Amino acid sequence: MAGAAVLGRLNWQLADVIEVVDETPRVRSLVLRCPGWPGHLAGQHVDVRLTAEDGYQAERSYSIASGPEDEHVVLTVERLEDGEVSPYLFDVLHPGDRLELRGPIGGYFAWNEALGGPLLLLAGGSGIVPLRSMLRHHAATHSPVPARLLYSTRSLNEVIYRKELEQLNSALIEIFFTLTREWPEGWNGHRRRIDEELLREISWSPAERPLVYVCGPTAFVERAADLLVAMGHDAARIRTERFGPTGT
Amino acid sequence: MPPVSRGFGSRRRPDADPTRLPPGQYITPDFPVLSAGPTPRTPLEQWTFAIRGAVKTPASWTWQQFLSLPNETFTVDIHCVTKWSKLDTVWTGVSLDVLLEAAGTTGQYVTAWSDGGYTANIPLADLTGGKAWIAHGYDGKPLDPEHGGPARLLVPHLYFWKSAKWVRGLKLTEEDEPGFWEQNGYHIYGDPWREQRYWGD
């Protein structure tokens, strides 16, 4: 467990922003140089803290998008219209700035080879971020564990890391896209919200006991996890990370 | 003071009452859902709530028996370790003073356990004296499964992961035994006012 690296207090540290990457019209990746970074497990997150001149502070959590083997820590941020921190990270921060963070945090929604597989990853929207870290880890370590990703977005231009995911697609890492609102002419991926038929098509059977990670908006995660349990998958092998309001 | 974030400050949220908002938290009108696995759905006729372990008399209630216990409706603020706080949430439930008195405790620590295998540890002293409940209603309605229904532990003065969803029982222990998140990097006690989020805080 990465826990070994965080037995002491997780102290705030300053990272240098060395690059900002446009991923989609509403999503950017921040490439950070973090001196003394203790390393992380694929799937963990960090806390980010902003401080105004009068001392006012705001903290939020962001999943780590980079793999443990990558040279830099990368955070991928979706700009939320009514947000307080994400518009700053998206609109204001640029290379040369510094960003205060502490981490890595979280020992459960994380994958490494010791946990085995087959590995089924289900992502909705920006829920791809921690799963992308897992895929990068998988690829960098040449893991023999079979992995599949189903990635659901509303449209093709909301797909984050599209080129990279297409390049990862192989016999060992199979990548499936489903678009739920609009799709380009000739689109040969899936064209609907996640449902039982789609899961049967892309998933291993319950008897094959896949290890499942589901991340995305609450409605997506609830639906995917409920479907898997109803299909006979062991609830103890389904790990979830939900975000976003429920409206209640 | 930590270094100033260049250009930050123009979009801040309206100032919150500092006596009600712990450090590092922000107020949300939403009710976010955070769970480590699928939402369990135990039929009410199979549901029981049990208190066992270091107690004088192990006790257990069926759903009907549980509902017939004295209920309270109360308004509290809740604070999630992921930074959101929600003020003036209205719950209905049974005080843990009522439930614990029926069993008679001898141990000083509690592990709450839930459908789905979740656990959370809390000192007994944090569950008595009108500070904690088993809640089955939220905002005048039965508690939604996503938010822990049919019933969840509610310990509002600690970070909200301690308020175990889908709770089915308490195990009294002599020692403080780390629960699910407490084994996975999160603080053993979890006081939001001392910002005890993670190991070592």
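Since the structure is predicted, the reported quantities are computational estimates derived from the model, not experimental observations.

### Comments concerning the overall build of chain A
Secondary structure assignment for chain A yields 5 helices and 11 strands. Since a compact globule built from 248 residues should have a radius of gyration of about 18 Å, the 18 Å found for chain A is in line with a globular shape. Based on the C-alpha atoms only, the size of chain A along its principal axes is roughly 55 × 40 × 40 Å. Each of the 248 residues in chain A was classed as buried or not, and the buried ones make up 45%.

### Digging into the overall build of chain B
Helix and strand counts for chain B stand at 2 helices and 11 strands. Secondary structure elements in chain B, listed N-terminal to C-terminal, are β-β-β-α-β-β-α-β-β-β-β-β-β. Taken over C-alpha atoms, the radius of gyration comes to 18 Å for chain B, in line with the 17 Å a tight globule of 201 residues would show. Once the C-alpha set of chain B is aligned to its principal axes, its extents read approximately 60 × 35 × 30 Å. Counting only residues that meet the buried cut, chain B has 39% of its 201 residues in that class. Here the analysis covers contacts within chain B between residues at least 6 apart in sequence; of these, 64% occur between residues at least 24 apart.

### Digging into the sheet that holds strand β6 (residues 98–105) of chain A
All names here are of chain A. Strand order in this open sheet of 6 strands is β4-β3-β6-β1-β2-β5, and the pairing throughout is antiparallel. Edge positions in the open sheet fall to β4 (57–63) and β5 (73–78), since each of these has one partner strand only. If you compare each strand with its neighbour and ignore which way they point, the axes differ by 40° on average. Pairing analysis gives 7 bridges linking strand β3 (residues 45–51) to β4, with the strands arranged antiparallel. In the sheet register, Val 46 faces β4, and the bridge partner there is Tyr 62.

### What to know about the nonpolar core
Core analysis: the largest hydrophobic core is formed by 109 residues, its most contacted members being Leu121(A) and Ile134(B). The element best represented in this core is helix α5 (residues 218–230) of chain A, accounting for 6 residues. Discounting chain neighbours no more than four positions away, the residues touching Leu121(A) are Leu131(A), Met134(A), Ala147(A), Arg148(A), Leu149(A) and Tyr213(A).

### Overview of unusual backbone geometry
Residues and elements named next belong to chain A. The omega torsion of the bond from Gly 117 to Pro 118 falls at -5°, within 30 degrees of zero and hence cis. Relative to the assigned elements, Pro 118 resides in the loop between β6 and β7 (119–124). A positive phi is found at Tyr 161, a non-glycine position, where the angle reads about 60°. Relative to the helices and strands, Tyr 161 is located in the loop between β8 (147–153) and α3 (162–168).

### With respect to α5(A)
Residues and elements named next belong to chain A. Helix length check: α5 (13 residues) gives 18 Å between terminal C-alpha atoms against 18 Å at 1.5 Å per residue, within 8%. For α5, the complete set of buried residues consists of Thr 218, Phe 220, Val 221, Glu 222, Ala 224, Ala 225, Leu 227 and Leu 228. Structurally, α5 contributes buried residues whose contacts are with β7, β8, α4 (196–202), β10 (211–217) and β11 (238–243).

### Structural notes on the pairing of strand β7 (residues 119–123) of chain B
Residues and elements named next belong to chain B. Pairing analysis gives 5 bridges linking strand β6 (residues 109–114) to β7, with the strands arranged antiparallel. Across the sheet, the residue bridging to Thr 111 is Asn 121, located in β7. Counting the residues in the hairpin turn of β6 and β7 gives 4 residues, including Gly 116, whose phi is positive at 95°.

### Re helix α2 (residues 96–103) of chain B
Residue and element names in this part refer to chain B. Taken together, the buried positions of α2 are occupied by Leu 96, Leu 99, Leu 100 and Ala 103. Along the axis of α2, the buried residues cluster in a sector spanning 90°; they form a single face. Looking at the buried residues of α2, the elements they touch are β2 (48–53), β3 (59–62), β5 (84–95) and β8 (133–138). With its phi angle positive at about 75°, Gly 104 sits one or two positions after the end of α2.

### Quick word on the interface of chain B and chain A
At the interface, 37 residues of chain B touch 44 residues of chain A. A breakdown of the residues in the side of chain B that touches chain A according to their chemical character gives 15 nonpolar, 13 polar and 9 charged.

### Notes on the sheet that holds β11(A)
Residues and elements named next belong to chain A. Pairing is parallel across the open sheet formed by 5 strands, whose spatial order is β9-β8-β7-β10-β11. Taken across any chain shown, the strands that pair with only one partner, and hence form the sheet edges, are β9 (173–179) and β11. The average undirected angle you get between the axes of adjacent strands in this sheet is 10°. Pairing analysis gives 7 bridges linking β8 to β9, with the strands arranged parallel. Looking at β9, one finds that Ala 147 is bridged to Ile 173. Contacts between α5 and the sheet are confined to β7, β8, β10 and β11, with β10 contributing the most and set at about 150° to the helix.

### Description of the environment of Thr119(B)
Residues and elements named next belong to chain B. With respect to the helices and strands, Thr 119 occurs in strand β7. In this structure Thr 119 comes out as partly exposed when scored by C-beta crowding, with 18 C-beta atoms within 10 Å. Through-space distance from the C-alpha of Thr 119 to that of Lys 165 is 9.4 Å; in sequence the pair is 46 residues apart. Residues contacting Thr 119, with those up to four places away along its chain left out, are Thr 111, Ala 112, Trp 113, Gly 179 and Phe 180.

### Re the confidence of the model for chain A
Across chain A, pLDDT averages 93, with 95% of residues at or above 70. Here residues 1–6 of chain A is a poorly scored stretch, pLDDT under 50, and it has 14 contacts once near neighbours within four places are set aside; other chains count.

### Observations regarding the confidence of the model for chain B
Summing up the model confidence of chain B, the mean pLDDT is 95 and the portion of residues at 70 or higher is 98%. Interface predicted TM-score (ipTM) for the complex: 0.93; the corresponding pTM is 0.94.

Rules used throughout
Residues numbered from 1 in each chain as written. Chains lettered and ligands numbered in written order. Predicted model: local features only at pLDDT ≥ 70, side-chain atom pairs only at ≥ 80, totals over all residues. Helix = DSSP H or I, 4+ residues; strand = E, 2+ residues; numbered from the N terminus. Rg over C-alpha atoms; globule rule 2.2 N^0.38 Å. Buried ≥ 20, exposed ≤ 12 C-beta atoms within 10 Å, placed from the backbone. Contact = placed C-beta atoms within 7 Å. Pairing = 2+ DSSP bridges. Axes fitted to C-alpha atoms, helices over the stretch in contact; angles between N-to-C directions. Core = buried A, V, L, I, M, F, W, Y, C linked by C-beta atoms within 7 Å. Expected span 1.5 Å × (residues − 1). Arc of directions from axis to C-beta. Nonpolar A, V, L, I, M, F, W, Y, C, P; charged D, E, K, R; others polar. pLDDT = per-residue confidence, 0-100.

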